[in-house]
Amino acid sequence: MEDLREDDLELIEHARRIVEAHGDDEVHTVGAAVRDVEGRIFGGINLYHFTGGPCAELVALGHARASGARELTAIVAYADRGRGVIPPCGRDCQVLLDYHPDIAVLVPTPDGIRRVTVRALMPHAYAWTPDEGSRPALG
């Protein structure tokens, strides 16, 4: 785990503004922000649905990709109602690992918000690529 960087604070603020602007009901409760290698920030908000709607992180990844971003460097999720920065769920971690294995994830810890690689969050996960499918655990 690493301390936050100056640009991580901007990422957190972007996600916070998304959820505070749009998290006004139980359908939109988490905002996310992702940064690419060029320093551009892309946001997303969750869309809760009983069938398992997309998490904010996945929406942010889709926004980044649709905007031409290919190499992402950091991501954060920010929850409404004073919950603040939250860690990604297992599905989000797996998607991040498969598409952006070197991405930093901002997570809450007892010592405050820290940076951690998605690989560190998923040390024994299967890896998947469109070309090779699933491969043995990374860790």
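Provided above is the structure to which this section pertains.
Description of the structure in this document. Predicted model, so just to flag it, every value in this text is computed and none were measured.

Definitions and limits used
Residues numbered from 1 in each chain as written. Predicted model: local features only at pLDDT ≥ 70, side-chain atom pairs only at ≥ 80, totals over all residues. Heavy atoms only, no water. Axes fitted to C-alpha atoms, helices over the stretch in contact; angles between N-to-C directions. Helix = DSSP H or I, 4+ residues; strand = E, 2+ residues; numbered from the N terminus. Parallel < 35°, antiparallel > 145°, perpendicular 65-115°, else oblique. Contact = heavy atoms within 4.5 Å. Disulfide = S-S within 2.5 Å. Buried < 20%, exposed > 50% of the residue type's maximum accessible area, 1.4 Å probe, protein only. Pairing = 2+ DSSP bridges. Core = buried A, V, L, I, M, F, W, Y, C linked by side-chain atoms within 4.5 Å.

Some points on the packing of helix α2 (residues 56-66) against helix α3 (residues 90-99)
Remark: α2 packs on α3, axes separated minimally by 9 Å, with the N-to-C direction vectors making an angle of 30°. By the angle class used here, α2 and α3 are roughly parallel. Where α2 approaches α3, its residues Glu57, Leu58 and Leu61 are matched on the opposing element by Arg91, Asp92, Val95 and Leu96.

Description of the state of the cysteines
One pass over the structure, following the stated rule, counts zero disulfides. Its sulfur unpaired, Cys89 is 3.9 Å from the next cysteine sulfur, which belongs to Cys55. Of the cysteine sulfurs around Cys93, a residue in no disulfide, the closest is that of Cys89, at 7.0 Å. With relative accessibility at 6%, the residue Cys93 sits in the buried group.

What to know about the pairing of strand β1 (residues 30-36)
The buried count for β1 comes to seven of seven residues, which makes it a mostly enclosed element. Both faces of β1 are covered, namely the face carrying Val30, Ala32, Val34 and Asp36 and the face carrying Gly31, Ala33 and Arg35. The pairing of β1 with strand β3 (residues 72-79) spans seven bridges and is antiparallel. What sits directly across from Val34, in β3, is Ile75. Pairing of β1 with strand β2 (residues 41-45) involves five bridges; the strand directions are antiparallel. Bridge pairing in β2 places Ala33 opposite Gly43.

As for the nonpolar core
Here is a general trend for soluble globular proteins: nonpolar side chains tend to be buried in one another's company. With 23 residues, the main nonpolar core has Val34, Leu72, Ile75, Leu96, Ile103, Val105 and Val118 as its most contacted residues. Mapped by element, the contributors of at least two residues to this core are β1, α2, β3, α3 and β5 (104-109). Not counting the four nearest positions on each side in its chain, Val105 is found in contact with Ile75, Pro88, Leu96, Arg114, Arg115, Val116, Val118 and Leu121. Judged by nonpolar contacts, the second largest core, of twelve residues, contains Leu11, Ala33, Tyr78 and Val85.

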